Amino acid sequence: MQSNLPKTMRAVVCTATGPVSVMAIQEVPLPTPQPGQVLIKVLGFGINRAEMFTRQGHSPGVQFPRIIGIECIGAIAAYPSVAAVASTSTRHPIGTRVATCMGGLGRQIPGSYAEYTCVAEANIRPIPATSLPVGTLAALPEMLQTTWGSLVTGLDLRSGESLLVRGATSSIGLCALQLARKIGAIRIGATSRKAGRIQMLLENGANEVFIDSGEIAEDVAKSAKGGFDKVLELVGTTTLRDSLKCAVPKGTVCMTGIQGGSWEMEKFIPMGDLPNRVRLCAYGGGPDDFMALPWEELIRDIEAGKVKIPVREFKLEDIHTVHEILESGGGGAKMVVVVSDT
């Protein structure tokens, strides 16, 4: 590795499963990239409910202590050896700004809540030249991968179709409304538990809003155009039965989120709970989905203002506050931690 790198780094170490207090900023040895990996100097990382679930003990197979965090943007700091860089002309130069997400990050391997992290070289994407600040860029890898993947590969959303986003006031939900418009959806519905958020949803691409009491299928059926071709379920198992009733025959419901906090459905009866000819799938993205994402195109859209990403920035020292906000529901802006601007 390069000799000018520090020997240690600051990282948020999750010492065990439990409340926010199990996370502590510690000085730990700088990780060393193994064959097939690259060391990234972290500039910033997004905050995700998946990390809260890992801290709470809901991610099977994760061993603690663990540096959590499933995504980041940063700059390439080192490869396994100088010789390896010289022998592989396709590698990106040291200092190249890149993005990464998933691939076991924060679960099977130490994650992104740190000043440096090692990730699979095959799971990084260069960040194109852009004027977007670090905070905005840090919000993008997992959000865009999840949203685009859910709409395109999960729901197979096509131009001219209708879409309902259940749980639309989350950062993923707001992004989904805008990307659905980009794809060409002609009717975009959204749900919120609070009437005060209707205007926010309309400004982000929805043209119908349903106030969600937990059951909206009747309201959808009574609406001018009835059910939806596609339904993106972000609340999860607590509203899934009702969301299935919001789809038209041969429509598709894709469950991507668990905002409701419940992992299981009790007494799910397929022949009773699945409406006739309605399809149900789930989406959980991975490295292949991140690499298939139209990354550069979407960054250009964001820079041009065609897609708006509300961001709320924090520092590494704020990690307890960030997770407390996450546990209280979050919503709206994507929370990010800016580690370094350079």
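What comes next is a walk through the structure. Computed from a predicted model, the values in this text were never measured in an experiment.

Focus on the nonpolar core
Side chains that are nonpolar tend, in soluble globular proteins, to be buried together.
Next up, step 1: Of all hydrophobic cores here, the largest spans 50 residues; its most connected members are Leu-151, Leu-177 and Trp-295.
Next up, step 2: Among the secondary structure elements, those contributing two or more residues to this core are strand S6 (97-101), helix H3 (134-138), helix H4 (140-154), strand S9 (162-166), helix H5 (171-183), strand S10 (187-192), helix H11 (295-303) and strand S16 (334-338).
Next up, step 3: With eight residues, H5 is the single largest residue contributor to this core.
Next up, step 4: Excluding residues that lie within four positions of it along the chain, Leu-177 makes contacts with Val-165, Ala-168, Ile-188, Gly-189, Ala-190, Leu-201, Asn-204 and Ala-206.
Next up, step 5: One finds Val-13, Val-42, Ile-68 and Ala-77 within the second-largest nonpolar core, a separate group that totals 49 residues.

Observations concerning H11
Next up, step 1: Among the residues of H11, Trp-295, Leu-298, Ile-299, Asp-301 and Ile-302 are the ones counted as buried. On an axial view of H11, the arc spanned by its buried residues comes to 155°, and they lie on one face.
Next up, step 2: Looking at the buried positions of H11, the neighbouring elements they touch are S6, strand S8 (125-126), H3, H4, H5 and helix H10 (287-292).
Next up, step 3: Looking at the residues trailing H11, positive phi occurs at Gly-305, about 85°.

Some thoughts on H5
Next up, step 1: An ideal rise of 1.5 Å per residue puts 18 Å on 13 residues; H5 measures up with 18 Å between its terminal C-alpha atoms.
Next up, step 2: Across the 13 residues of H5, eleven count as buried, placing the element largely inside the fold.
Next up, step 3: Along H5, the residues classified as buried are Ser-171, Ile-172, Gly-173, Leu-174, Cys-175, Ala-176, Leu-177, Gln-178, Leu-179, Ala-180 and Ile-183.
Next up, step 4: In the segment just after H5, Gly-184 is the residue with positive phi, at about 115°.

As for the packing of aromatic side chains
Next up, step 1: Using the criterion set out here, one finds three aromatic pairs in the structure.
Next up, step 2: With 6.2 Å between their ring centres and 85° between their planes, Phe-210 and Phe-228 make a pair best called edge-to-face. In this pair, Phe-210 is assigned in strand S11 (residues 208-211) and Phe-228 in strand S12 (residues 228-233), connecting sequence segments 18 residues apart. Considered together, Phe-210 and Phe-228 belong to a single accessibility category, that of buried residues.
Next up, step 3: Its guanidinium or amino end placed over the ring of Phe-228, Arg-187 lies 3.8 Å from that ring's centre, counting from NZ or CZ.

Regarding the pattern of salt bridges
Next up, step 1: Per the stated rule, a full pass over the model turns up 14 salt bridges.
Next up, step 2: For Lys-230, the salt bridge goes to Glu-161, with nearest N and O atoms at 2.9 Å. With Lys-230 in strand S12 and Glu-161 in the loop between H4 and S9, the pair connects residues that are 69 residues apart, well separated along the chain.
Next up, step 3: Residue classification places Lys-230 among the buried positions, given a relative accessible area of 6%.
Next up, step 4: Within this structure, Arg-10, Glu-115 and Glu-317 form a network of salt bridges that share partners.

Here we look at the packing of helix H1 (residues 49-56) against helix H12 (residues 319-327)
Next up, step 1: For the pair H1 and H12, the least separation of the axes is 10 Å and the interaxial angle reads 100°. Accordingly, the angle class assigned to the pair H1 and H12 is roughly perpendicular. Side by side, H1 and H12 meet where Arg-49, Glu-51, Met-52, Arg-55 and Gln-56 of the first sit next to His-323, Leu-326 and Glu-327 of the second.
Next up, step 2: Residues belonging to the contact of H1 with H12 are distributed by class as follows: two nonpolar, two polar and four charged.

Cut-offs applied
Each chain has its residues counted from 1, following the order in which its sequence is written. A pLDDT threshold of at least 70 governs which residues receive local features in this predicted model, and a stricter bar of 80 or more applies before side-chain atom pairs are shown or counted, although totals over entire chains, interfaces and linings include all residues. Note that the side-chain values use all heavy atoms of the structure and ignore hydrogens as well as water. The term nonpolar core refers to a set of buried residues drawn from Ala, Val, Leu, Ile, Met, Phe, Trp, Tyr and Cys, joined through side-chain atoms within 4.5 Å. Categorising residues by exposure relies on relative accessible area from a 1.4 Å probe, with only protein chains included: less than 20% of the type maximum marks a residue as buried, more than 50% marks it as exposed, and the intermediate range marks it as partly exposed. Secondary structure is summarised from DSSP: a helix means a run of H or I of at least four residues, a strand means a run of E of at least two, and numbering begins at the N terminus for each. Contact criterion: two residues are considered in contact whenever any of their non-hydrogen atoms come within 4.5 Å of each other. Starting at the helix axis, one direction is taken to each C-beta atom, and the arc is that of these directions. A helix is expected to span 1.5 Å for every residue after the first. Working definition: a ring pair exists when centres of Phe, Tyr or Trp rings (six-membered ring for Trp) sit within 6.5 Å. Plane angles under 30 degrees give stacked, over 60 give edge-to-face, the rest tilted. When the NZ atom of lysine or the CZ atom of arginine is within 6 Å of a ring's centre and also within 35 degrees of its normal, the charge is said to sit over that ring. By definition, a salt bridge exists where a carboxyl oxygen of Asp or Glu is found within 4 Å of a side-chain nitrogen of Lys or Arg. Helix axes use the C-alpha atoms of the stretch in contact, all axes being lines fitted to C-alpha atoms, and the angles between their N-to-C directions lie in the range 0 to 180 degrees. We call two directions roughly parallel when the angle between them is under 35 degrees, roughly antiparallel when it is over 145, roughly perpendicular when it lies between 65 and 115, and oblique otherwise. Each residue is assigned to one of three groups, with Ala, Val, Leu, Ile, Met, Phe, Trp, Tyr, Cys and Pro labelled nonpolar, Asp, Glu, Lys and Arg labelled charged, and all others, Gly among them, labelled polar.

Any functional reading would require information that these geometric values do not contain.
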